[in-house]
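Fold and geometry: a report
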Amino acid sequence: MIPIVPFDDSHLADGVRLSQQAGWPHRREDWALVLSISTGVAALDAEGRVVGTAFCSAFGDRAALNMIIVDAALRGQGLGRRLMEAVIALAGDRALSLVATPEGRPLYEKLGFAATDEIVQHQGEVVRHLPPPGLPVRTGGADDLDRIAAMDRAATGADRRALLTRIAASGRILMAEGGFAMLREFGRGTVLGPLAADTPLTARALIAAAAQGMPGRFLRIDTRPGLGLGPLLQEIGLPHVGGGTEMHRGPAPRRDNSFTTHALASQALG
């Protein structure tokens, strides 16, 4: 039987190889970000190569399961289920969430996950003629992290301060009176997220402000279709190119309706 071991830095190169095989854009740095705030497992073949991965990112009493990949040559042999059982055990009694591919969804349903929403991925090169933000937006900094963590917790129901601090250390923060957005290098270019806002107007202002600083550059945003951001994202050059199914197991998060997540940190991290 293929052994499953704790994932560590020595497995990152193989993780990148697996994600490339799956068609994901993750770089070594993107894997390292997830590993820095998560625990993970790796399945190893007889030569010690990583042929499967799964991660658990704990955020207080909730956890996101992510980076669930099985080498194409080994799919359909039960390895995906073993990896899932291993990270579910790492999560303990936390409520769980993940974003499923169509291929993975049947397994997750068998393990007690229920679909709750769709995630839509928009990406492309930002056009040069952009709508104005509409509301004041400024550059944020370390002094804003307490406020950012509070807004994010109100929107997600999870304590993600460690993740937010990690993103802020290497990324860029945008602040509005009623929300925030973060930008960081990811995959083919830059990802905008998380973005939490008190109103759709604030969310649109933050997106427009981010785009104004990136004409001609590659930008990705993962959002939910019910938030109605599609037309704006199309306008700034980010067509809908894919997505996944948001799934949960356990109690629903206790969100504060004063803020809403308009863009995910990533499909892996919510």
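Preceding this section is the structure that the text describes.
Let me begin by describing the structure that accompanies this report. (Residues numbered from 1 in each chain as written. Predicted model: local features only at pLDDT ≥ 70, side-chain atom pairs only at ≥ 80, totals over all residues. Heavy atoms only, no water.)

Moving on: the overall build of the chain. Looking only at helices and strands, one finds eight helices and 13 strands in the chain. Here the C-alpha atoms of the chain give a radius of gyration of 18 Å, agreeing with the 18 Å that 2.2 N^0.38 yields for 270 residues. Along the three orthogonal principal directions, the C-alpha set of the chain runs to about 60 × 35 × 30 Å. Relative to its 270 residues, the chain shows a buried fraction of 53%. (Helix = DSSP H or I, 4+ residues; strand = E, 2+ residues; numbered from the N terminus. Rg over C-alpha atoms; globule rule 2.2 N^0.38 Å. Buried < 20%, exposed > 50% of the residue type's maximum accessible area, 1.4 Å probe, protein only.)

With 35 residues, the main nonpolar core has Trp31, Ile148, Phe180, Met182 and Leu269 as its most contacted residues. For this core, the element with the highest residue contribution is helix α5 (residues 145–156), accounting for six residues. (Core = buried A, V, L, I, M, F, W, Y, C linked by side-chain atoms within 4.5 Å.)

Glancing now at the environment of Arg128. Considering the arrangement of structural elements, one finds Arg128 in the loop between β6 (114–125) and β7 (138–139). Taking C-alpha positions, Arg128 is 9.7 Å from Gly213, a pair spaced 85 residues apart along the chain. Not counting the four nearest positions on each side in its chain, Arg128 is found in contact with Pro215 and Gly216. (Contact = heavy atoms within 4.5 Å.)

According to the stated counting rule, one finds 16 salt bridges in the structure shown. Arg27 is the partner of Glu29 in a salt bridge, and the nearest nitrogen-oxygen pair spans 3.9 Å. A salt bridge links Arg160 to Asp152, with the shortest nitrogen-to-oxygen separation between them at 2.8 Å. The exposure class assigned to Asp152 is buried, which follows from its relative accessible area of 1%. Taken together, the shared-partner salt bridges connect Arg27, Glu29, Asp30 and Glu185 into one network. (Salt bridge = Lys/Arg side-chain N within 4 Å of Asp/Glu carboxyl O.)

Glancing now at the side chain of Thr245. Within the fold, Thr245 resides in strand β12 (residues 240–249). The contacts of Thr245, once residues within four sequence positions are left out, are Leu98, Val99, Ala100, Arg105, Ala115, Asp117 and Glu118.

Empty space within the largest pocket amounts to approximately 1100 Å³. Listing elements by their share of the lining of the largest pocket, those giving two or more residues are β4 (62–70), α3 (79–91), β5 (95–100), α4 (105–110), β6, β11 (218–223) and β12. Sorting elements by how many residues they give to the lining of the largest pocket places β4 first, with six residues. Of the residues in the lining of the largest pocket, the class split is 19 nonpolar, 17 polar and five charged. Of the volumes computed, that of the second largest pocket is approximately 520 Å³. As for the second largest pocket, its lining consists of 32 residues, and the residues nearest its centre are Thr156, Arg224, Glu246, His248 and Arg255. Residue contributions to the lining of the second largest pocket peak at five residues, all from β5. (1 Å grid on protein atoms, 1.4 Å probe; cavity = no way out; pocket = protein on both sides within 12 Å on 5 of 7 lines; lining within 4 Å. Points joined across faces, edges and corners; volume = space filled by probe spheres on them. Nonpolar A, V, L, I, M, F, W, Y, C, P; charged D, E, K, R; others polar.)

Our focus in this paragraph is helix α6 (residues 161–170). Those residues of α6 that sit buried are Leu163, Leu164 and Ile167. Viewed end-on, α6 has its buried residues packed into an arc of 95°, placing them on one side of the element. Every exposed residue of α6 that faces more than 90 degrees away from the buried side is listed here: Ala162 and Ala169. On its buried side, α6 packs onto β3 (50–59), α5, β9 (179–186) and β10 (189–197). (Arc of directions from axis to C-beta.)

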